[in-house]
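Notes for the structure review
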Amino acid sequence: MQHRGRTKTAPRRGLVPLTAVAGGLLAVLIGLVFLVLVLAVQDARHSLLSARSGRPALDQTGVVEETVLDIEGGQRGYVITRQDEFLKPWQAARAAFPARARKLVDVSTSPAQRRLAEQIQQAGQSYIHDYAIPLVDEARRGDPDAISTARTLEGRQRLDALRGQFSRYLHAERLAIGRRENALETRMDMLTVAASVGVGVAALLIVGYGAYVTRVIVWPVRRMAGTATRLAAGDLSARVPPSGRKEIGQLETAFNTMAGSLEKSHRRLRLLYDAGTAVGSTLDVRRTADDLVRVAVPRFADFVTVDLEESVLHGGDPTSAEKALRRVALGGVRDDSPLDPVDALIAVSPPPRSAPGALPDAALVLDLRTAGAGSFPDAPKADRLREYGMGSLVTAPLSVQGVLMGVITFWRTHDSPPFEADDLSDAEELAAKSARAIDNARRYTRERETALALQRSLLPHGLPLCPTLDFAYRYLPTGTRAGVGGDWLDVIPLSGTRVALVVGDVVGHGIQASATMGRLRTAVRTLADVDLPPDELLTHLDDLVLHLDDGAGEQAAEVGSTCLYVVHDPISRRCALASAGHPLPFVITPQGAVEPAPGQAGPPLGLGGLPFETTELDLAPGSTLALFSNGLVHSRDLDLSHGLDRLRRALAGNPGNPETPESLEATCDRVVDALRTGEPADDVTLLLARTRALPGDRVATWEVPADPEHVARARTLAGGQLAAWQLDELSFTTELVVSELVTNAIRYGGSPIRLRLIRDTTMLITEVSDGSSTAPHLRRARVFDEGGRGLLLVARLTRRWGTRQTSAGKTIWCEQSLPDTP
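Residues numbered from 1 in each chain as written. Predicted model: local features only at pLDDT ≥ 70, side-chain atom pairs only at ≥ 80, totals over all residues. Heavy atoms only, no water.

Here we take up the sheet that holds strand 11 (residues 574-580). Read from one edge of the open sheet, 5 strands run 8-9-10-11-14, paired in antiparallel fashion. Among the strands making up the open sheet, the edge pair consists of strand 8 (486-493) and strand 14 (615-618). Each neighbouring strand pair of the sheet contributes to a mean axis angle of 15 degrees, computed without reference to strand direction. Examined bridge by bridge, strand 8 and strand 9 (residues 499-506) share 8 bridges and lie antiparallel to one another. (Pairing = 2+ DSSP bridges. Helix = DSSP H or I, 4+ residues; strand = E, 2+ residues; numbered from the N terminus. Axes fitted to C-alpha atoms, helices over the stretch in contact; angles between N-to-C directions.)

Spelled out as C-alpha cells, the structure:
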C-alpha cells in the first residue's frame, strides 16, 4: 500500500512545476506575438493620422474661399443697390478674413503649402485693402468710378487670381493626401500579414498548450471541487472544463448547467436592481430614457431605442392617439447602427393586446427575417437592419394608468444569443419601471413649466430706462426638484428723478411661492407710487404679508420672506435703504473698491410688530450698487459668510481700469459665472445699478414768500430758467402749472414754500413744496365753482403728477416730456 501510495504521489509532485513552466513559456511567446501586433498597429495608426492631417487644410481652404466670395458679393450688392444691408455680411467677412487666412497657414502640412497659404493671405489682404474698401468708399461718396467697367474688370482679375491660388493649393494638398493614403494602404497590407502570422502562431501555441493540459490534468473531481468553492464564494462565472469522459463528462455538464442558471438569475436580478436605482434618479424625461439605455446596453440588449409621444416631452398627458412617436433615446454597442437617430419621428403600429381594452403586451420577434412589415419601430428600414446584422428584438409598451406613452425596443444582433420567451418578463419589468419614472418626470415638467410661466408673467418683462441710473440684472430660476422659487427684482422710477431698486425673496418653491411673489411685487410698486420712505414701505408690506390669505383663511406667505428697498436721489447724491431680512447690498466705488452698505437688516416679512430702520449714505457719481438674493451666495455647500466673501472678490475683480470701467452686463456675467459653477439650488438674482449725479445746472430752486403777489415773480423765474435751458416751447405750460401750484401752496399750505425745476434727459419736472401735510385731491369743479380747476389743469397739461410727503410737509410735482421726447 505504501508502494502504491508512492507511485501516485510522484506524478502529482511533478505536475505543478511542469504546468507552471509550460504556462510561463506560453505566456512569454504569446506576449511576444501580441507585442509585434501592437507595434504594427501603432505604426498603422501613425500612418492613418498622417493621412488625415491634410483634411483640415482642405476644409479651411473652403472656408477662406467662401469668405472671399462673401466679401465680393457684399461689395457688389452695395455698389449696385447702395443699400447698407449688403455691408453687414461684407464687414463680417472682411473682419473674419485675417483670422481664417492665418488659420489656413497654420494648418498647412508642408512648407510649400504654407508658402501658398501665405500668398493667398497676402492676395486676400491686398484685395480687401487695395480694392474692396476703396470701392465701397467710392460707392458711399457716389463716385461714378465705383461702377465703371475698369473697376469691375480689376475686381474680376483680382478675384480670378485668388481663385487660381486656391486651385493650386487644393491640387497640391490633394496630391499630398493621395501619397499619404497610398503609404497607409501599404502599411495596412503589412499589418494584415503580420496579424495573420501572429494569430496563426498564437493559435498553434494555444492548441499545443491545450493538448498538454488535457494530457496532464487527470483529476476532474478535484477541479469540480475547486469550481464549487468558487461558486460558493460568489463567483458565478466559474465553470468546469469538460473532459469528455463518460460519467465524469455527464457530471461536469450538469454542474455547468446549474452554474449557468445561477449566473443568469443573478444577472437578471442585478439588471432589475440597477434599473430601479438608476432609472428615475432625475426628473427629466430625456435623461430618464438615457438612463434606461445605459442600464440595458450591453447587459440585456445590443441596441435600445425609446420612443415617446410628443406631448409627454413637454409635460402633457399622453393620449394614445398619436401615430408617430418622437425618438428620445438611442444607444448601442456601436455607433453606426441604421436605426433612426434621436429626435426623429417614428411611425409605430398599435402594440398587440391580449384582450380588447387591456394594456398592450410586450412582443418578441425571434427572427427579423420572418417578421412582418410594420410589426416593430424602424420597420421601413427592415432590409438595412437585416443587412446590418439585427437578429431579434423585443418591443415593450411604456404605459401608465392604462394610457400608452411610448414604446421601448430592445435589439440583439447575430453576434449575441437571440431573445428568448423568458426575456419578455425582464423587458416588461424594465418598461414598467421606466414608465413610472418617465411619468414622474412628465408631471414634474408640467408643474415646473406652469410655475415658470406664472413666474414669468409676474416678473417684469423689461425694466424701465432711467436717465440717472445704469443697471443690468440676471435672474436664474432653480432647476431642482423643489421647483422655481419666489425671487424677484424691480426698478421703479419715482418723482424728482429718484429711482427705487427692489430685490425680494419668498421662501419656498413652486406655484405658491410664485403667486406670493407676484402679490408682494405688486404691493411694493403700489406703495412705491405713494412715495413712502423705505422703512414705512416695509412696515406696510409687513402688515400686508400678515393679512395675505388664499381665500380659505390660510396664510399664503411663509414667515421668512425678505425684501430690500433702496431709493437713490441723483440730485442730493444720497441713497436711502431698508431691509426686511434681506442681505444688504455691496457698494462699488468709482475707484473699484467694494464695501458692504452700512446698516442692519430688519426682521423678515410676516413677523409683525417689529420696526424697520432706514439707512442713508452718500454715493459718489459712478458708484455701483450690487443687490442680490441668497441663492447667489448661499447653498448647502456654501456658507453665507463665505459666499459673501466670494461675491465681494468677484465684484472687485474688474479687469478694466477706473477710467474705462467694465460694463454692467459684463460684470453680471462674470460674477454669476464665478459664483455659480453648477445648477443653482435656489433662484439666483443679481441687480447692478451704477449711479449718475444730475449736474447742478439742471436744477433750479427758489424760495417763494407766502404772499399772492409773488406768484407772478415765480412765473417769471420759471420762464427765465426755461429760456436759459432753451425750452421756450414749454414756457406757457410751465408758467401756468407754476402759477396754479404756487397759488395752491400759498392759499392752502404753509411756509416755507419752495419752487424747484429739474431737467433731465427726457423730462422737465416742476415741484412746489410747502409746510402743510394736507394732500390735495383732484375733483371736477361745477359750473359756478370758483375753485377746484387748478389740479385738473395740471393733470391735463402734464404727463403725470403726484404728491409725496416729506419730514417738513409735502411736495406736489408734475412731469412734462421734453421736446422731441415721447
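In this structure, the largest pocket occupies an estimated 930 Å³ of space. As for the largest pocket, its lining consists of 33 residues, and the residues nearest its centre are R498, D569, R804, Q805 and T806. Put simply, the parts of the chain that give the lining of the largest pocket at least two residues each are helix 13 (534-547), strand 10 (562-569), strand 11, strand 18 (753-759), strand 19 (763-770), strand 20 (800-806) and strand 21 (809-817). Considering every element that reaches the lining of the largest pocket, the biggest residue donor is strand 10, with 4 residues. Split into classes, the residues belonging to the lining of the largest pocket amount to 11 nonpolar, 9 polar and 13 charged. (1 Å grid on protein atoms, 1.4 Å probe; cavity = no way out; pocket = protein on both sides within 12 Å on 5 of 7 lines; lining within 4 Å. Points joined across faces, edges and corners; volume = space filled by probe spheres on them. Nonpolar A, V, L, I, M, F, W, Y, C, P; charged D, E, K, R; others polar.)

A contiguous nonpolar patch, built from V28, L29, L32, L35 and L39 and spanning about 460 Å² of accessible area, is present on the exposed surface. Relative to the assigned elements, V28 resides in helix 1 (residues 2-52). (Patch = residues over 30% accessible without salt bridge, like charges linked within 9 Å, V, L, I, M, F, W, Y side chains within 5 Å. Areas by Shrake-Rupley, 256 points an atom, 1.4 Å probe, with all protein chains shown as cover. Salt bridge = Lys/Arg side-chain N within 4 Å of Asp/Glu carboxyl O.)

The 5 strands lie next to each other as 7-16-15-12-13, forming an open sheet whose pairing is antiparallel. Only two strands of the sheet have a single neighbouring strand rather than two, namely strand 7 (469-476) and strand 13 (594-596). Here the average twist between neighbouring strands, direction ignored, is 20 degrees. Examined bridge by bridge, strand 12 (residues 586-588) and strand 15 (residues 624-628) share 3 bridges and lie antiparallel to one another. When the bridges of strand 15 are listed, V587 appears paired with L625. Across the sheet, helix 16 (residues 664-675) touches strand 7, strand 15 and strand 16 (684-691), and the angle it forms with strand 7 is around 30 degrees. (Contact = heavy atoms within 4.5 Å.)

Now for the environment of P467. As for its position among the elements, P467 is in the loop between helix 11 (423-458) and strand 7. Considered as a pair, P467 and M763 are 296 residues apart in the sequence and their alpha carbons are 9.6 Å apart. Those residues in contact with P467 that sit more than four places away from it in its chain are R692, D760, T761 and T762.

Here the focus is the packing of helix 3 (residues 87-107) against helix 4 (residues 111-141). Contact geometry for helix 3 and helix 4: axes closest at 9 Å, N-to-C directions at 165 degrees. When the axes of helix 3 and helix 4 are compared, the pair comes out roughly antiparallel. In this structure, helix 3 crosses over helix 4, and the sense of that crossing is left-handed. Counting all contacts with helix 3, which are made through L87, W90, Q91, R94, F97, P98, A101, R102, L104 and V105, the residues of helix 4 involved are R114, A117, E118, I120, Q121, G124, Q125, I128, A132, I133, V136 and R140. Looking at the contact of helix 3 with helix 4 residue by residue, the classes come out as 13 nonpolar, 4 polar and 5 charged. (Parallel < 35°, antiparallel > 145°, perpendicular 65-115°, else oblique. Left-handed = near helix turned anticlockwise from the far one by under 90°.)

Moving on, we get to helix 15 (residues 640-652). Here helix 15 contains 13 residues, and its C-alpha end-to-end distance of 18 Å stays within 8% of the 18 Å for a straight helix at 1.5 Å per residue. Among all positions in helix 15, only G643, L647, A650 and L651 are buried. For helix 15, the angular spread of the buried residues around the axis is 95 degrees, confining them to a single face. Residues of helix 15 that are buried sit in contact with strand 12, strand 13, strand 15, helix 14 (630-633), helix 16 and strand 16. (Expected span 1.5 Å × (residues − 1). Buried < 20%, exposed > 50% of the residue type's maximum accessible area, 1.4 Å probe, protein only. Arc of directions from axis to C-beta.)

Using the criterion set out here, one finds 4 aromatic pairs in the structure. With a centroid separation of 5.9 Å and an interplanar angle of 20 degrees, the aromatic rings of F586 and F628 are classed as stacked. With F586 in strand 12 and F628 in strand 15, this pair connects stretches of sequence that are 42 residues apart. Take F628: its relative accessible area is 0%, and that puts it in the buried class. One aromatic cluster in this structure is built from F300, F410 and F419. (Phe/Tyr/Trp six-rings, centres within 6.5 Å; stacked < 30°, edge-to-face > 60°.)

Moving on, we get to the nonpolar core. Nonpolar side chains in soluble globular proteins tend to be buried together. Ranked by size, the top nonpolar core spans 33 residues in total, and within it F300, V304, V306, L308, L398, I408 and F410 carry the most contacts. Secondary-structure elements contributing two or more residues to this core are helix 8 (285-296), strand 1 (303-308), helix 9 (310-313), strand 2 (324-332), strand 5 (390-400), strand 6 (403-413) and helix 11. Here this core takes 7 residues from helix 11, the largest share from any one element. Residue contacts for F410: discarding those within four places in its chain leaves A296, F300, A301, F303, V304, S392, L393, V394, F419, A427 and L430. (Core = buried A, V, L, I, M, F, W, Y, C linked by side-chain atoms within 4.5 Å.)

Right, let's get into the confidence of the model for the chain. Overall, the predicted model of the chain reaches an average pLDDT of 76, with 75% of residues at or above 70. Mean pLDDT values for the elements of the chain range from 60 in helix 1 up to 93 in strand 10. A low-confidence stretch, residues 1-15 stays under pLDDT 50, and its non-local contacts, those more than four residues away or across chains, total 4 contacts. Segment residues 552-558: pLDDT under 50, and 16 contacts once partners within four positions in sequence are set aside and those in other chains are kept. (pLDDT = per-residue confidence, 0-100.)

Turning to the pairing of strand 21, a few remarks are in order. With 8 of 9 residues buried, strand 21 lies mostly within the body of the structure. The sheet contact formed by strand 19 and strand 21 spans 8 bridges and is antiparallel. Bridge pairing in strand 21 links M763 to S817. Bridge analysis of strand 20 against strand 21 gives 7 bridges, and the strand direction is antiparallel. Across the sheet, residue T803 finds its bridge partner in strand 21, namely I812.

Okay, the side chain of T615 next. With respect to the secondary-structure elements, T615 resides in strand 14. Leave out the neighbours within four places in its chain, and T615 touches C575, A576, L577, P598 and G599.

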